[in-house]
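# Structural description and commentary
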Amino acid sequence: MQIQKIEITKEGKATLTEELKRLKEVERPLMVEKLHKARSMGDLAENSAYTTAREGLSMMDGRIMEIEHILKNSVIATSSQGSGVITIGSTIQVEINGVSDTIRVVGEYEADPMNKKLSATSPIGKALLGKKQGDIIEITVPSGKITYKILEITS
């Protein structure tokens, strides 16, 4: 079985690499130390500090494994710079229901809607991919229909 490659932007890969380094070199050793201290407090069955530290370490190890999987299976998304077509990595100036905004289309694992980074696999991201400046798209989302007019595309 072939593992599907994960498209990611160059910036997204750098951010994940930095997070992985911080988790492995700083945060995980601190969590292991916290676990050892909690273990030395006595009866593990009634030691909430131990249970909390163990769960925290487990969650951290899960995140480390997730990042390693993403980095191992990722490919840098190639932008069609200068082609005038929206691809992963494109920053676009749009008019959404009459209001101007700037958004960026990113890989699935980089999405951060609060910072206007939309996943290329989201309904809005899928609708925007391949579109050109001047295109008008109507997208149906759970809250209703949204009209996007593409004003400018940059990479």
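These notes cover the structure that comes with them. Quantities reported herein were computed from a predicted structural model and do not represent experimental measurements.

Before going further, it helps to spend a moment on the side chain of S90. By secondary structure assignment, the location of S90 is in the loop between β2 (74–76) and β3 (91–96). Exposure remark for S90: the relative accessible area of 0% places this residue in the buried category. One polar contact links the side chain of S90 to the main-chain amide nitrogen of T87, over a distance of 2.9 Å.

Moving on: the pattern of salt bridges. Scanning the entire structure with this criterion turns up 9 salt bridges. Among the ionic pairs, E11 bridges to R104, the shortest N-O distance being 3.0 Å. One end of the pair, E11, is in helix α1 (residues 10–39); the other, R104, is in strand β4 (residues 99–106), and 93 residues separate them in sequence. Its relative accessible area of 46% is what places E11 among the partly exposed residues. The salt bridge involving E66 is made with R63; its shortest N-O contact spans 2.7 Å. One end of the pair is E66 and the other is R63, both in helix α2 (residues 48–72) and 3 residues apart, which spans about a single turn. Three or more residues joined by partner-sharing salt bridges are found here, namely E19, R63 and E66.

This brings us to the sheet that holds strand β7 (residues 144–154). Ordered by their spatial adjacency, 5 strands build an open sheet running β5-β4-β3-β7-β6, and the pairing between neighbours is mixed. Strands with a single pairing partner mark the edges of an open sheet, and in this sheet they are β5 (117–119) and β6 (136–141). Within this sheet the neighbouring strands show an average axis-to-axis angle of 45°, counted without direction.

Parameters at a glance
- Residues numbered from 1 in each chain as written.
- Predicted model: local features only at pLDDT ≥ 70, side-chain atom pairs only at ≥ 80, totals over all residues.
- Heavy atoms only, no water.
- Helix = DSSP H or I, 4+ residues; strand = E, 2+ residues; numbered from the N terminus.
- Buried < 20%, exposed > 50% of the residue type's maximum accessible area, 1.4 Å probe, protein only.
- Polar contact = N/O pair within 3.5 Å; in protein donor to acceptor, adjacent residues only side chain to side chain.
- Salt bridge = Lys/Arg side-chain N within 4 Å of Asp/Glu carboxyl O.
- Pairing = 2+ DSSP bridges.
- Axes fitted to C-alpha atoms, helices over the stretch in contact; angles between N-to-C directions.

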